[in-house]
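Inside the fold
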Amino acid sequence: MQGTVDGFSYGVVTPVIAYLMACLGGALGLRCTTRSVRNGRSLKPGWLALGATSIGSGIWTMHFIAMMGFTVAEAPISYDRPTTFASLGVAVVMTGIGIFIVGYRGATAMALVTGGTITGLGIASMHYLGMAGMQLQGRLEYDTLTVALSVVIAVVAATSALWAAVSIHGFLPSLGASLVMGLAVSGMHYTGMAAVDVHLHGTVPPGAVGDSPATLIAPMLVGPAVFLVLAGVIVMFDPLLVMGEPDRQQPESGRKATGRRARAGVAAQRQQPAYGEPANWAAPSRSGRRASHRSRNR
């Protein structure tokens, strides 16, 4: 029997909140990655790990908030807890691999393609593993072309986000990049949901196994959301992430040029004649020095 699927049972509430969570995780992850690339060194692994966990938690939270609005009219839905939280681990680990590649290799084409592909596949794997944890009296079937399109969207979104993290500096440009990333990730989610068909086996027995969405909402919102808030506090208290790199941290070439100008100014001051002395006293010409020497010899 074909199930009646509704992906927006709460209207626009779940899509909007899910989008905001994806933007929050993306913004924190991009800013942490930018911090590690620009001024990391000893703290680079920590910033990259924080960025990967922020992006993974934001995407995972976005997915399950959006899934709160997914219902099948003929059957209740429950979730298998180990599979559900395993999808969070997949999101964080695979996002971390992609971010560490770009964080240490820079914005090279090979690093961006490799890191973006791994991160995008991690996003897609998180989505479909989370769907595999959904339990109902039936089975899920997917349209192959639509699934492939969702994976392509995830890879393109991840590659663009990694490029923005290492190439775009400044708070407002990074904020815009995180909004685009949130839109792309949400688009990937709902594209993947459009590929789903539910085929029911019959009537649902009483006492279905697994956790209900109402039971999952507590760890889903409290755990990752608290982490995202803490990550946001860390970002807010780092002025380099909010205001950008200060001007006093000049590049090496700028410091050399400044030093040369300072030495030239000191030399010019030394060549200025003292009060009452002729203008050529400080720096007599070579011919003047020879004439003075001949006059003394005479």
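Further up the page is the structure itself.
Residue numbers here run from 1 along each chain, matching the order of that chain's written sequence. This being a predicted model, a pLDDT of at least 70 is required before a residue's local features are given, and a value of 80 or more before pairs of side-chain atoms are given or counted; all residues contribute to the totals for chains, interfaces and linings. To obtain the side-chain values, all non-hydrogen atoms of the structure were used and water was disregarded.

Some thoughts on the pattern of salt bridges
The salt bridge definition used is simple: a Lys or Arg side-chain nitrogen within 4 Å of an Asp or Glu carboxyl oxygen. Summed over the entire model, instances satisfying the criterion amount to 1 salt bridge. The salt bridge involving E141 is made with R139; its shortest N-O contact spans 2.8 Å.

Digging into empty space enclosed by the protein
We place a 1 Å grid over just the protein atoms. Points where a 1.4 Å probe fits but has no way out form a cavity, open points with protein on both sides within 12 Å along at least 5 of 7 lines form a pocket, and any residue with an atom within 4 Å of a point lines it. Grid points are joined across faces, edges and corners, and a volume is the space filled by probe spheres set on the points. Considering all chains together, one arrives at 3 cavities of 30 Å³ or more under this definition. Approximately 40 Å³ is the volume found for the second largest cavity. If you trace the second largest cavity, you find it lined by L30, I55, I99, T119, A158, A161, L162 and M181. Top element by residues in the lining of the second largest cavity is helix α5 (residues 144–167). It accounts for 3 residues. Classification convention: Asp, Glu, Lys, Arg as charged; Ala, Val, Leu, Ile, Met, Phe, Trp, Tyr, Cys, Pro as nonpolar; all other residues, Gly among them, as polar. Grouping the amino acids of the lining of the second largest cavity by side-chain chemistry returns 7 nonpolar, 1 polar and no charged. Only DSSP runs of H or I reaching four residues or more are called helices, and only runs of E reaching two or more are called strands; each is numbered from the N terminus.

Considering the packing of helix α4 (residues 109–132) against α5
Lines are fitted to the C-alpha atoms to define the axes, a helix being fitted only along its stretch in contact, and any angle between axes, read from their N-to-C directions, falls within 0 to 180 degrees. At a minimum axis separation of 7 Å, α4 and α5 run at an interaxial angle of 135 degrees. On the basis of the axis angle, α4 is oblique to α5. For the pair α4 and α5, the crossing hand works out as right-handed. Note on element contacts: α5 touches α4 through V147, S150, V151, A154, V155, A158, T159, L162 and W163, opposite L112, G115, G116, T117, T119, G120, L121, I123, A124 and Y128. A per-class count over the contact of α4 with α5 returns 12 nonpolar, 7 polar and no charged. In these notes the angle categories are as follows: under 35 degrees is roughly parallel, over 145 is roughly antiparallel, 65 to 115 is roughly perpendicular, and the rest is oblique. Each crossing gets its hand from how the near helix is turned against the far one by less than a right angle, where anticlockwise is left-handed and clockwise is right-handed. The contact definition used throughout considers only heavy atoms, calling two residues in contact when any of these lie within 4.5 Å.

Looking at the layout of surface pockets
The space that makes up the largest pocket amounts to roughly 260 Å³. For the largest pocket, the lining is made up of 15 residues, of which L24, A27, L28, F171 and L175 are closest to its centre. For the lining of the largest pocket, the secondary-structure elements that each account for two or more residues are α1 (13–39), α6 (171–194) and α7 (213–236). Residue composition of the lining of the largest pocket, by class: 11 nonpolar, 3 polar and 1 charged.

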